[in-house]
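# Close look at the chain arrangement
Listed below, chain by chain, are the residues.
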Amino acid sequence: MSSVSLLLLLPLLPLVSAQTYRWGPCPTPQVQPNFNLQQYLGRWYEIAKLPASFERGKCIEANYAVRKDGSIQVLNSQFYKDKVRTAEGTAVIHDPREAAKLGVSFSYFTPYGPYWVLTTDYTSLSVVYSCTDILRLFHIEFAWILGRSRFLPPETVSYAKELLMNEGIDLFRMKNTDQTGCKDN
């Protein structure tokens, strides 16, 4: 890598320091076949995740719903610094033939980031992966293990982690999300 390329990349490092980043392009994991958005809608609780600067609290959850205009509302919430904080975004299905590869954006000014559902049974577990290439030199990735309840059996979490690892996703930095003492809406 030339010193000019390195100098161009240095300003990006603070943006990714609180994320999980790796050298090389993103892996391309298999996604849930025949994904059914209607069954996926509703509340999901975060069980574990790769670090994300926008998720630092506890009691993290996401709620998916179809808006009146047909778009998909994403409402994330967490308890952070003594209060509930929310972020509302929009999800889209870019290609109905691969409906499990959604895009999510939390601002009109940002592009849709990948939100790939690798597996779900719709009633208890969902495993989600997101990855963005930066000049194909390195990538920023996120992974979430989600549940329909705040706690999943250890064998279910192990299954989800094994699935991610089998798809080439490094879980060294994966952390459990604190769901204790949470209040349901």
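These lines cover the structure that appears in this document, whether it is placed above or below.

What counts and what doesn't
Residues numbered from 1 in each chain as written. Predicted model: local features only at pLDDT ≥ 70, side-chain atom pairs only at ≥ 80, totals over all residues. Heavy atoms only, no water. Helix = DSSP H or I, 4+ residues; strand = E, 2+ residues; numbered from the N terminus. Contact = heavy atoms within 4.5 Å. Areas by Shrake-Rupley, 256 points an atom, 1.4 Å probe, with all protein chains shown as cover. Core = buried A, V, L, I, M, F, W, Y, C linked by side-chain atoms within 4.5 Å. Buried < 20%, exposed > 50% of the residue type's maximum accessible area, 1.4 Å probe, protein only. Polar contact = N/O pair within 3.5 Å; in protein donor to acceptor, adjacent residues only side chain to side chain. Expected span 1.5 Å × (residues − 1). Arc of directions from axis to C-beta. Salt bridge = Lys/Arg side-chain N within 4 Å of Asp/Glu carboxyl O.

Next up on the list: the overall build of the chain. Helices and strands together make up the secondary structure of the chain, namely four helices and 10 strands. Counting helices and strands in the order they occur from the N terminus, the chain gives α-α-β-α-β-β-β-β-β-β-β-β-α-β. Relative to all contacts within the chain whose residues are 6 or more apart in sequence, the contacts with residues 24 or more apart total 55%. For the chain, the exposed area adds up to about 10800 Å²; of that, 57% sits on carbon and sulfur atoms.

With 46 residues, the main nonpolar core has Phe-35, Tyr-40, Tyr-115, Leu-118, Ile-145 and Leu-164 as its most contacted residues. Setting aside anything within four residues of it in sequence, one finds Ile-145 in contact with Tyr-45, Glu-46, Ile-47, Ala-48, Leu-125, Ser-126, Leu-152, Val-157, Ala-160, Lys-161, Leu-164 and Met-174.

Assignment of secondary structure puts Thr-90 in strand β5 (residues 83–93). At a separation of 3.0 Å, a polar atom in the side chain of Thr-90 contacts the side chain of Arg-67. In this structure, Thr-90 is in contact with Arg-67, Ser-71, Ile-72, Val-74, Gly-103, Val-104, Ser-105 and Tyr-112, ignoring residues within four places of it in sequence.

For helix α4 (residues 154–166), built from 13 residues, the straight-helix expectation of 18 Å at 1.5 Å per residue is met to within 8% by its first-to-last C-alpha distance of 18 Å. Listed as buried for α4 are Val-157, Ala-160, Leu-163 and Leu-164. An end-on view of α4 places all buried positions within 120 degrees of arc, on one side of the element. For α4, exposure combined with an orientation more than 90 degrees from the buried face picks out Pro-154, Glu-155, Met-165 and Asn-166. Among the residues trailing α4, Gly-168 stands out with phi positive, at a value near 85 degrees.

Positive phi outside glycine occurs at Cys-59, with the angle close to 60 degrees. Following the sequence through the fold, Cys-59 ends up in strand β3 (residues 58–66). Here Lys-81, not a glycine, exhibits a phi torsion of approximately 50 degrees, which is positive. Looking at the element boundaries, Lys-81 is found in the loop between β4 (72–80) and β5.

Before going further, it helps to spend a moment on the pattern of salt bridges. A side chain of one charge can pair with a side chain of the opposite charge if their charged atoms are brought near each other. The full count for this structure, using the stated rule, is eight salt bridges. Between Asp-178 and Lys-58 there is a salt bridge, and its shortest N-O distance comes to 3.9 Å. Residue Asp-178 is found in the segment after β10 (175–176), and its partner Lys-58 is found in strand β3; the two are separated by 120 residues along the sequence. Between Arg-150 and Glu-61 there is a salt bridge; the shortest N-O distance is 3.2 Å. In this pair, Arg-150 sits in the loop between β9 (138–147) and α4 while Glu-61 sits in strand β3, placing the two residues 89 residues apart along the sequence.

Shape descriptors only; they carry no functional weight alone.
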